[in-house]
Every structure is written in C-alpha cells, then in structure tokens.
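Residue-level structural notes
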Amino acid sequence: MSQSPGPGTESAATAALANARAAAQQTRDVESERILAGIGLVLAAVACFATLDTATKTSTAAVPILMGVWFRYAFQAVATTAVLLPKHGTALLRTQHPRYQLLRGALLLASSTLAFLSLRYMPLAEFTSIVLIAPLVITLLAATTLKEHVSVLRWALVAGGFVGTLVILRPGGDAFSWAVLLPIGLVLTNAWFQVLTSKLAQTENPLTMHFYTGWVGTLIASLALPFVWTALPSWHWWALLCLMGFMGTVGHFILILAYQRAPASTLTPYLYAQIAFAMLGGWLVFSHVPDRVSLIGISMIAVCGAAGAWLTVRERRVPIEPAES
C-alpha cells in the first residue's frame, strides 16, 4: 500500500523549488546588470570617440594633419604599453600573424589620416554618419570578396544606408565637393580593417591587437614626422593633442571592457549613439546643426546601419568597432 508524502517532504520540495527559482532569478539579475553595464560602457566609449573627433576637427586649424595623427597614435602606444606590458609581460607581444597585425595597423592609420582630413572640411554629424556605413560596406565585401550568402533584408539595409549617404552628400548640389570623397575612402579602408579584425579575432588576444595597432601607427607616422613638425603657437594646442590621445586610448579600453560584459550583438546598435554625440559636439563647439535634408539622411544611416551591424555581428560573432579618428 503506497503512502502519500508527508508534510515534511512537501515542505522540503517546496523549499528546494523556491531556492532554485531564487538562484535562477539571481543569475538573471546578474546577467541583466552585466548587460546594462556593457551598454553604459559602449555609450561612454562612443562619447570618447565623438570628443576625439571634435578635438581633431578643432586641431586642424593649427596642427599639421600628420603631426596630429602621429601624436594621437604615440599617446595610445605609450599609454597601452605602460598599462598592459607590466601586467601581461611578453605574452602581450605574442601573435600568430605578425604580417596581418602590420597590415591592420597600416589600414587603421590610413583611416585615421583620412578622418583627420575629412574633419577639416566636413561637419561632425555628417562625417560620423557617413563613416558609420562601414558595417554595410562589410556586407558588400562579404558578398563579393568572401562569397558569403547575404539575405534580402541585409541587401535592403545596405541600399537604405547608401541612399542615406547620397541624401547627405547630395551629388550635383551646392553642398557637394571633392572633400566628401575623403570619408568614402575612410569607409573603404575601415571596412577592410574590420574584416581583418574579424579574421584575427579568431586566434589573437584583443589586447595584443590593440597594442600592435598603436605601435604600427606610431612607427609609420614617425617616418613623415620630420617633414611636418611645426612649433605650435600656444600651450593649449598641446593640451588639445593630449586630449585627443587620451580620448582615443580610453575609448578603446572602455570598449574592450564593454565587450567583456555583454554580447557584441547586444551592444553593436548602441554604437550609433556616436552620431548624437557628434551632433552635440558640432553644436556646442562649432555652432553647426544639420539641415532638414541632412537629418533625413543621418536618420536613414542610423536605422539601416544599426540593423545591418547587428545582423553582421550576430552572424559572425565578432564585434564591430565604432568610427573614430
């Protein structure tokens, strides 16, 4: 004859179930806190990059382009070495693909040089928006060069992003000039940089990649430094260069921390908050507000770019880095 469970057994089962639910809830709470922290860190990182671009645009009034690029990379290289080398030792220097590290650093240096030139002639918000079509260009590269399958939705997002770019550039209009070709070149070099980053991310430590990026850019830019070095008119220009180096370096470190806390597919759309920070910087420092047509183009790029970047990251499982000089 079977016996029904006694009151003690029922209470023990109820307590175990309650403990399991509490543990699951605690796990979800911790995960939610990590994701929120990751989102907050991404927003802080793109604010740093927008500040970097604002300072860069200001610096072009008195600082030679290549001198500014060199200082920005030298600051990052020295700061990265000072922080990471004592902690990680020679392990930081180990790489399975030194040639790809060199190429990646050279591509980012080319992107930075084009960014400095672009910012001399273009408003911040428009520049940032155009640069952020890079994930859409990666889709084109994946389809044409890597022979990857691209869905109809992603092709639609690519088309929408490029239409938004044309709305901003307005070919044939009064606002169109040769200078708008500079950010287009930047987008192409940055897209190849992102593709190479995704390849290296499969085997390389991101801190090692960050270390080599800074030093490759510094060493290559140093070759041109003797020909462009200029005595700056006052100390505040040096302070501005230090601000540029600090914001670029801190922005990258914060971005690494963000991706350690939350999935790239969750964080990537928030990179497009950089457009809002760029608009704020353009308004505060240069009293520039995009006109209605430019705002339409910016909105199209933000929506299509964020969705396209999210899909790219979700399929490739690697982060996309934001636009910065």
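Details of the structure are given in the entry above.
Owing to the predicted nature of the structure, the values given are computational and were not obtained by experimental measurement.

With 24 residues, helix H2 (residues 65–88) extends 34 Å between its outermost C-alpha atoms, agreeing within 8% with the 34 Å of an ideal straight helix rising 1.5 Å per residue. Taking the largest bend as the criterion, H2 deviates by roughly 30 degrees, centred on threonine 81. In the stretch just after H2, glycine 89 is the one whose phi turns positive, near 65 degrees.

Once that is clear, we can look at the environment of phenylalanine 162. Mapped onto the fold, phenylalanine 162 is located in helix H6 (residues 152–169). When the C-alpha atoms of phenylalanine 162 and glycine 297 are compared, they prove to be 9.2 Å apart, with 135 residues separating the residues in sequence. Beyond its immediate sequence surroundings of up to four residues, phenylalanine 162 is in contact with Ile133, Val137 and Leu140.

Summarising the element assignment, threonine 189 is placed in helix H7 (residues 181–200). Of the residues examined, threonine 189 reaches a relative accessible area of 18% and is grouped as buried. A distance of 2.8 Å separates a polar atom in the side chain of threonine 189 from a polar atom in the side chain of serine 111. A polar contact is formed between the side chain of threonine 189 and the backbone oxygen of leucine 186, at a distance of 3.0 Å. Not counting chain neighbours up to four residues away, the residues in contact with threonine 189 comprise Leu107, Ala110, Ser111 and Leu114.

With that settled, consider H6. Its 18 residues give H6 an end-to-end C-alpha distance of 26 Å, which sits within 8% of 26 Å, the value for a rise of 1.5 Å per residue. By the burial criterion, the buried members of H6 are Arg154, Leu157, Val158, Gly160, Gly161, Gly164, Thr165, Ile168 and Leu169. One or two positions beyond H6, positive phi appears at arginine 170, with a value near 50 degrees.

Two descriptors summarise a pair of aromatic rings, namely the distance from one centre to the other and the angle between the planes of the rings. Enumeration according to the criterion identifies 5 aromatic pairs in this entry. Between the aromatic rings of phenylalanine 211 and tyrosine 212, the centroid separation amounts to 5.5 Å while the plane-to-plane angle is 80 degrees, which identifies the pairing as edge-to-face. Of the residues examined, phenylalanine 211 reaches a relative accessible area of 9% and is grouped as buried. Ring centres 5.7 Å apart and planes at 40 degrees place the aromatic pair tryptophan 229 and tryptophan 238 in the tilted group. Looking at lysine 57, its charged tip hangs above the ring of phenylalanine 286, at a distance of 5.5 Å from the centre.

This part is about the nonpolar core. Membership of the largest hydrophobic core comes to 77 residues, with the highest contact counts inside it found for Phe127, Leu255, Leu267, Leu271 and Tyr272. The greatest single-element share of this core, amounting to 9 residues, is contributed by helix H9 (residues 235–261). When neighbours within four sequence positions are excluded, tyrosine 272 is seen to be in contact with Leu132, Pro135, Ile301, Ala302, Gly305, Ala306 and Ala309.

Looking now at a nonpolar patch on the surface. A cluster of nonpolar side chains, namely Phe277, Leu280, Trp283, Leu284, Val285 and Val289, defines an oily patch on the protein surface of about 580 Å² accessible area. When you line up the elements, tryptophan 283 lands in helix H11 (residues 273–286).

Looking now at unusual backbone geometry. One non-glycine residue, serine 287, adopts positive backbone phi at about 55 degrees. Assignment of secondary structure puts serine 287 in the loop between H11 and helix H12 (292–316).

Taken N-terminus to C-terminus, the directions of helix H5 (residues 134–144) and H6 make an angle of 130 degrees; their axes are 9 Å apart at the nearest point. In terms of their interaxial angle, H5 and H6 are classed as oblique. Here H5 and H6 pass one another in a crossing that is left-handed. Judged by residue contacts, Leu136, Val137, Thr139, Leu140 and Ala143 of H5 engage Arg154, Trp155, Leu157, Val158, Gly161 and Phe162 from H6. Considering only residue class, the contact of H5 with H6 consists of 8 nonpolar, 2 polar and 1 charged.

Cut-offs and rules
- Residues numbered from 1 in each chain as written.
- Predicted model: local features only at pLDDT ≥ 70, side-chain atom pairs only at ≥ 80, totals over all residues.
- Heavy atoms only, no water.
- Helix = DSSP H or I, 4+ residues; strand = E, 2+ residues; numbered from the N terminus.
- Expected span 1.5 Å × (residues − 1).
- Bend = angle between axes of the 7 residues up to and from the residue.
- Contact = heavy atoms within 4.5 Å.
- Buried < 20%, exposed > 50% of the residue type's maximum accessible area, 1.4 Å probe, protein only.
- Polar contact = N/O pair within 3.5 Å; in protein donor to acceptor, adjacent residues only side chain to side chain.
- Phe/Tyr/Trp six-rings, centres within 6.5 Å; stacked < 30°, edge-to-face > 60°.
- Lys NZ or Arg CZ within 6 Å of the ring centre and 35° of its normal.
- Core = buried A, V, L, I, M, F, W, Y, C linked by side-chain atoms within 4.5 Å.
- Patch = residues over 30% accessible without salt bridge, like charges linked within 9 Å, V, L, I, M, F, W, Y side chains within 5 Å.
- Areas by Shrake-Rupley, 256 points an atom, 1.4 Å probe, with all protein chains shown as cover.
- Salt bridge = Lys/Arg side-chain N within 4 Å of Asp/Glu carboxyl O.
- Axes fitted to C-alpha atoms, helices over the stretch in contact; angles between N-to-C directions.
- Parallel < 35°, antiparallel > 145°, perpendicular 65-115°, else oblique.
- Left-handed = near helix turned anticlockwise from the far one by under 90°.
- Nonpolar A, V, L, I, M, F, W, Y, C, P; charged D, E, K, R; others polar.

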